[in-house]
2 protein chains.
Amino acid sequence: MAKMVERMQTRSVPVGRIHIGGGAPISVQTMWKHPLAPVRSADLVEAGIRKLEEIGCELLRFSVPDMRSAELLGEIASRTRLPLVADIHFDHRLALRCLDFPIAKIRINPGNIGRPDKVEELVRKAADRGTALRVGVNAGSLPKTLRRERNVAVAMVRAAEEEASLLEKLHFRPVVFSLKAADVDTTVEANMLFSQTHDYPLHIGVTEAGPLVQGTVKSTLALSRLLISGVGDTVRVSLSDSPENEVVAAQSILQNLGLRRFGPEVISCPTCGRTVFDVTGFLEKVQPFLLRIDKSVTVAIMGCPVNGPGEAKRADLGVTGSEDRVVIFKKGKIIRRESADHAIEAFIEELEKF
Amino acid sequence: MAKMVERMQTRSVPVGRIHIGGGAPISVQTMWKHPLAPVRSADLVEAGIRKLEEIGCELLRFSVPDMRSAELLGEIASRTRLPLVADIHFDHRLALRCLDFPIAKIRINPGNIGRPDKVEELVRKAADRGTALRVGVNAGSLPKTLRRERNVAVAMVRAAEEEASLLEKLHFRPVVFSLKAADVDTTVEANMLFSQTHDYPLHIGVTEAGPLVQGTVKSTLALSRLLISGVGDTVRVSLSDSPENEVVAAQSILQNLGLRRFGPEVISCPTCGRTVFDVTGFLEKVQPFLLRIDKSVTVAIMGCPVNGPGEAKRADLGVTGSEDRVVIFKKGKIIRRESADHAIEAFIEELEKF
């Protein structure tokens with residue numbers, strides 16, 4: 001159904017090597033979860049960035065709470081092609097410093113900076129450098145003047161509009177907005193409302209969504225409602241879990257709605273008392289590899305050689321086995337038998353033939 | 001929105017101490033993932049059952065591929081109040097043996113049993129014993145006669161109707177149906193179609209949904225579409241992961257749609273470079289406890305004491321801290337400061353005050 005989604009028209013905002021809005025593919029982003037300041041060398045962070053990039057992360061945000069973090073992020077940004085985002089609160093000097101580096105976007109709310117001359121200094125420099133901004137409104141930290149509004153979604157939209165007016169006065173256009181709440185209905189309502197009267201691209205997500213499973217459920221419910229209505233230009237799933245799982249969750253939502261394709265579609269049996277093949281173990285081993293494959297194939301990982309190939313006969317490639325042997329099947333027909341030691345190798349070999 | 005869902009009217013099927021259909025609360029179920037046959041004593045299985053029951057699992061299914069498993073399951077069923085389901089393929093003798101024990105439901109497809117006298121023998125005994133049946137149609141194992149039908153959802157409904165007619169001829173009424181496919185659209189379409197013309201309660205789920213994150217996304221998309229249309233009387237989320245996570249995912253879907261309430265609503269921050277409190281670690285330690293609390297409260301677990309209480313001010317109870325100290329807050333106001341050693345204890349103490 002969602003394949004026919006007509007997306008809301010938004011302005012195109014260049015963010016490093018990608019665009020957000022204006023019909024660009026809906027991008028997937030996550031956030032670095034450790035402080036930068038205690039990092040002695042950028043090498044470790046860069047290894048983490050490569051890993052995220054390999055699984056399909058398209059935009060990565062870092063908290064920049066101090067000048068040391070700004071310097072280090074600048075250094076890292078000079079050495080990667082992945083668009084990096086600096087997340088800054090209140091202190092416009094941190095943003096000014098970030099603008100000296102190839103940082104792709106800065107998340108900062110002009111309303112929090114204070115004096116208008118400081119806002120203007122920041123916005124002029126961002127315009128000179130061609131750097132995008134994101135304004136992020138969160139239901140939990142609305143300006144005092146709006147806290148009496150009974151409808152939280154309406155208050156969020158007003159907060160966003162106040163921020164927008166500060167930037168519009170300065171004729172600054174490359175801005176992405178986000179309006180996040182910790183519950184599904186408020187998040188959906190705020191974004192739907194905002195998108196009806198503004199052409200800013202939307203970064204969508206539920207904030208503080210919770211632990212892995214609950215947070216994935218909540219994010220799927222909210223984001224799918226927005227996405228099937230054509231709302232949303234970039235996605236962040238916020239989990240109290242790893243950035244990798246945030247990326248996989250966001251990709252999975254977009255893929256199942258037919259809006260993007262990231263790697264193969266995986267069919268895997270939940271295992272039961274009949275299972276003789278270690279589905280979960282095989283999945284874990286093969287998953288990092290699957291995520292690097294940019295092919296439109298369906299892969300099945302099944303628990304038993306009796307029903308496995310039959311149940312998964314619409315899969316392009318599948319695997320199942322007993323404890324020491326595996327069978328590899330194509331469209332439901334067994335094509336190879338291997339020892340367990342060679343299972344992954346053989347499976348990847350067949351996958352590469354596609 | 002979903003709080004106003006009008007559920008499809010279905011017949012009420014008694015399954016052990018619960019009912020499925022007829023307006024009963026939508027129950028959560030999962031499946032035991034290990035073979036029973038090699039189990040020497042029922043004790044270990046019973047410990048696992050207790051754990052699942054504690055987190056709110058309401059129905060538990062076991063594969064019964066041989067007579068040894070049937071005997072052992074019977075023994076276990078005699079010693080637990082949790083309704084247990086025997087999953088049987090082809091061999092009606094296994095089902096007959098299970099009917100000698102207090103097993104709450106048998107999943108078996110009459111069409112697979114073969115001779116009509118065998119079907120009749122099974123159905124008569126189930127009727128005598130007051131045991132419910134579930135007929136489970138899977139897109140991957142449709143009868144040969146239906147495989148040419150282009151619309152898989154339509155073929156699934158026809159397969160279900162063929163099974164239904166076998167039971168209706170014998171006037172057997174306590175039957176639950178399931179129609180599962182590995183993709184969202186087929187699963188939704190088959191269940192919507194079936195529910196329009198039949199009053200059998202529906203066990204809903206996506207089969208072979210995949211690994212934890214992807215499978216949770218796929219299941220949330222399919223089940224939410226059905227549930228907001230009023231379709232579905234019991235839920236199984238099938239993941240290549242633990243039964244515990246299947247239960248939590250199913251509960252989370254129902255809770256976020258306003259259809260059931262299981263324990264507190266958890267707000268937890270995704271953590272970032274500003275985080276000074278181990279959100280994930282605290283969550284892991286406190287989660288088993290949270291799941292046992294049958295209270296309508298919102299709990300927040302936040303990463304930093306500066307923004308945490310403010311961001312989570314709508315939470316009934318929250319916690320955050322630095323490495324060695326925690327603060328506990330109620331509705332955004334700090335009410336206690338404790339050493340990290342006493343954090344969980346103090347938190348649970350406050351939770352119990354509600």
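Positions within a chain are numbered from 1, following the residues in the order the chain's sequence is written. The lettering of chains begins at A and the numbering of ligands begins at 1, in the order of writing. Two thresholds apply to this predicted model, a pLDDT of at least 70 for residue-level local features and 80 or more for giving and counting side-chain atom pairs, whereas whole-chain, interface and lining totals are computed over all residues. Heavy atoms throughout the structure, all of them, feed into the side-chain values; hydrogens and water do not.

Undergrad: I'd like a description of the domain arrangement of chain A, backed by residues and values.
TA: Interfaces are frequently sized by the accessible area removed from exposure as the parts join. Here chain A is partitioned into domain 1 (2–256) and domain 2 (265–352). Note that the domain bounds were set by an automatic or database domain assignment. The C-alpha-based centres of domain 1 of chain A and domain 2 of chain A are spaced at 38 Å.

Undergrad: Let's hear about helix α7 (residues 184–197) of chain B: which residues, and what values?
TA: Residue burial is assigned from relative accessible area. The probe radius is 1.4 Å, only protein chains are included, and a residue is buried under 20% of its type maximum, exposed over 50%, and partly exposed in between. Working definition: helices are DSSP H or I runs of at least four residues, strands are E runs of at least two. Numbering for both runs from the N terminus. Among the residues making up α7(B), those that are buried are Val184(B), Thr186(B), Thr187(B), Val188(B), Ala190(B), Asn191(B), Phe194(B) and Ser195(B). Two residues form a contact once any of their heavy atoms are found within 4.5 Å. Close packing links the buried residues of α7(B) with α9 (243–256) of chain A together with α6 (152–169), β8 (175–180), β9 (203–204) and α8 (212–228) of chain B. Polar contact criterion, stated in full: a pair of N or O atoms within 3.5 Å, where within protein one must be able to donate a hydrogen and the other to accept it, and residues adjacent in sequence count only if both atoms are side-chain atoms. Where α7(B) begins, one side-chain oxygen reaches toward the backbone nitrogen of Asp185(B), 3.4 Å away; that side chain belongs to Asp183(B).

Undergrad: Go over the relation of the copies chain A and chain B with me, naming the residues and quoting the values.
TA: In this comparison the copies share one frame, found by least squares on the C-alpha atoms of residues holding pLDDT of at least 70 in both. Rotating chain A by 180 degrees about the axis while translating it 0.0 Å along that axis superimposes it on chain B, leaving an RMSD of 0.1 Å. Taken together, the rotation and translation describe the operation of a two-fold axis. Looking at the interface residues of chain A, 100% of them are also at the interface in chain B, so both copies use one shared face.

Undergrad: Could you give an account of the nonpolar core, with specific residues and numbers?
TA: We call a set of buried Ala, Val, Leu, Ile, Met, Phe, Trp, Tyr and Cys residues a nonpolar core when their side-chain atoms join them within 4.5 Å. If you look at the biggest cluster of nonpolar residues, it comprises 171 residues, and the most contacted ones within it are Ile106(A) and Ile106(B). Those residues within four positions of Ile106(A) in sequence are excluded, and the remaining contacts are Ala86(A), Ile88(A), Ala95(A), Cys98(A), Leu99(A), Thr131(A), Ala132(A), Leu133(A) and Arg134(A).

Undergrad: Provide a residue-level description of unusual backbone geometry, including the pertinent values.
TA: You will see that Glu208(A), though not glycine, has its phi angle at about 50 degrees, which is positive. The residue Glu208(A) is located in the loop between β9 (203–204) and α8 (212–228) in this model.

Undergrad: Break down the pairing of strand β11 (residues 265–268) of chain A for me, citing the residues and quoting the values.
TA: All names here are of chain A. Here β11 shows a buried face lined by Glu265 and Ile267 and a second buried face lined by Val266 and Ser268. Two strands qualify as a pair provided that DSSP identifies no fewer than 2 bridges between them. As paired strands, β11 and strand β12 (residues 298–301) are joined by four bridges and run parallel to one another. Across the sheet, residue Ser268 finds its bridge partner in β12, namely Ile301.

Undergrad: Describe the side chain of Thr220(B), with residues and values.
TA: Along the chain, the position of Thr220(B) falls in helix α8. According to the relative accessible area criterion, Thr220(B) is buried, its value standing at 0%. At a separation of 2.6 Å, a polar atom in the side chain of Thr220(B) contacts the main-chain carbonyl oxygen of Thr216(B). In this structure, Thr220(B) is in contact with Val217(A), Thr220(A), Leu221(A) and Ile253(B), ignoring residues within four places of it in sequence.

Undergrad: Give a detailed account of the interface of chain A and chain B, specifying residues and quantitative values.
TA: Contacts between the two partners involve 65 residues from chain A, matched on the other side by 65 residues from chain B. Values labelled buried area give the accessible surface lost by two parts on being combined, using a 1.4 Å probe and summing over both. Buried surface at the junction of chain A and chain B, both sides included, amounts to about 5,200 Å², of which 55% is carbon and sulfur. The term salt bridge refers to a side-chain nitrogen of Lys or Arg lying within 4 Å of a carboxyl oxygen of Asp or Glu. With its nearest N and O atoms 3.7 Å apart, the salt bridge here joins Asp87(B) to Arg274(A). Taken together, chain A and chain B are joined by twelve residue pairs in polar contact (both at pLDDT 80 or more). Counting residues per element, the ones that place at least two in the side of chain A that touches chain B are α7 (184–197), α8, α9, β11, α10 (279–290) and α11 (308–311) of chain A. Per-element accounting of the side of chain A that touches chain B gives the leading share, ten residues, to α8(A). Just so you know the grouping, Ala, Val, Leu, Ile, Met, Phe, Trp, Tyr, Cys and Pro go in nonpolar, Asp, Glu, Lys and Arg go in charged, and all remaining residues, Gly too, go in polar. Tallied by class, the residues present in the side of chain A that touches chain B amount to 30 nonpolar, 22 polar and 13 charged.

Undergrad: Can you tell me about the confidence of the model for chain A, naming the residues and giving the values?
TA: Each residue carries a pLDDT score, the predictor's own confidence in it, on a scale running from 0 to 100. For chain A, per-residue confidence averages 92 on the pLDDT scale, and residues scoring 70 or more make up 99% of the total. Prediction confidence for the complex, expressed as pTM and ipTM, is 0.93 and 0.93 respectively.

Undergrad: Can you break down the packing of aromatic side chains residue by residue, with the values?
TA: Residues and elements named next belong to chain A. Any pair of Phe, Tyr and Trp rings, taking the six-membered ring for Trp, is counted once the centres come within 6.5 Å. Such a pair is stacked with planes under 30 degrees apart, edge-to-face with planes over 60 apart, and tilted for the rest. With the rule as written, the count across this model stands at twelve aromatic pairs over all chains. Here the aromatic residues Phe177, Phe194 and Tyr200 are joined through ring pairs into a cluster of three or more. Its guanidinium or amino end placed over the ring of Tyr200, Arg11 lies 4.1 Å from that ring's centre, counting from NZ or CZ. The criterion is that NZ of a Lys, or CZ of an Arg, lies within 6 Å of the ring centre and within 35 degrees of the ring normal, and then a charge sits over that ring.

Undergrad: Please set out the packing of α7(A) against α8(A) residue by residue, giving values where relevant.
TA: All names here are of chain A. The contact between α7 and α8 brings their axes to 9 Å, and the two run at 25 degrees. As judged from the angle between their axes, α7 and α8 are roughly parallel. In the packing of α7 onto α8, the handedness of the crossing is right-handed. Contacts from Val184, Asp185, Thr187, Val188, Asn191 and Met192 of α7 reach α8 at Lys218, Leu221, Ala222, Arg225 and Leu226. Tallied by class, residues from the contact of α7 with α8 come to six nonpolar, two polar and three charged. To obtain each axis, a line is fitted to C-alpha atoms, and for helices this fit is confined to the stretch in contact; angles are then taken between N-to-C directions over 0 to 180 degrees. Angular relationships are summarised with four words: roughly parallel below 35 degrees, roughly antiparallel beyond 145, roughly perpendicular across 65 to 115, and oblique for the angles in between. Here is the rule for handedness: rotate from the far helix to the near one, and if that takes an anticlockwise turn smaller than a right angle the crossing is left-handed, while a clockwise turn gives right-handed.

Undergrad: Which residues make up the sheet that holds β8(B), and what values do they have?
TA: Residues and elements named next belong to chain B. Strand order in the open sheet formed by eight strands is β8-β7-β6-β5-β4-β3-β10-β9, with parallel pairing between adjacent strands. Edge positions in the sheet fall to β8 and β9, since each of these pairs with one other strand and no more. Examined bridge by bridge, strand β7 (residues 132–138) and β8 share six bridges and lie parallel to one another. Within the sheet, the bridge partner assigned to Leu133 lies in β8 and is Val175.

Undergrad: I'd love a proper account of the pattern of salt bridges, names of residues and values included.
TA: All names here are of chain A. All told, the structure shown has 54 salt bridges over all chains when counted by the stated rule. We note a salt bridge from Asp87 to Arg107, for which the minimum N-O separation is 3.2 Å. Highlighted residues: Asp87 in strand β5 (residues 84–87) and Arg107 in strand β6 (residues 105–107), separated in sequence by 20 residues. Take Asp87 and Arg107: they sit in the same class, and that class is buried. With a shortest N-O distance of 2.6 Å, Arg97 and Asp100 are connected by a salt bridge. Salt bridges linked by common partners bring Arg336, Glu338, Glu349, Glu350 and Lys353 together as one network.

Undergrad: Account for the state of the cysteines, naming residues and giving values.
TA: By definition, a disulfide links the sulfur atoms of two cysteine residues through a covalent bond. Two cysteine sulfurs form what is called a disulfide whenever their separation falls within 2.5 Å. A complete count under the given rule lists zero disulfides over all chains for this structure. You can see Cys57(A) has no disulfide; the closest cysteine sulfur is in Cys272(B), sitting 16 Å from it. Of the residues examined, Cys57(A) reaches a relative accessible area of 2% and is grouped as buried. Free of any disulfide, Cys269(B) has its nearest cysteine sulfur in Cys304(B), 6.7 Å distant. The exposure class of Cys269(B) is buried, given its relative accessible area of 10%.

Undergrad: Would you mind going over the sheet that holds β5(A) in detail, with residue names and values included?
TA: Residues and elements named next belong to chain A. The strand order across the open sheet built from eight strands is β8-β7-β6-β5-β4-β3-β10-β9, with neighbouring strands paired in parallel fashion. Lying at the two open borders of the sheet, with one neighbouring strand each, are β8 (175–180) and β9. Two strands pair when backbone bridges link them, and β5 and β6 are joined in this way by three bridges, in the parallel orientation. Bridge pairing in β6 links Ala86 to Ile106.

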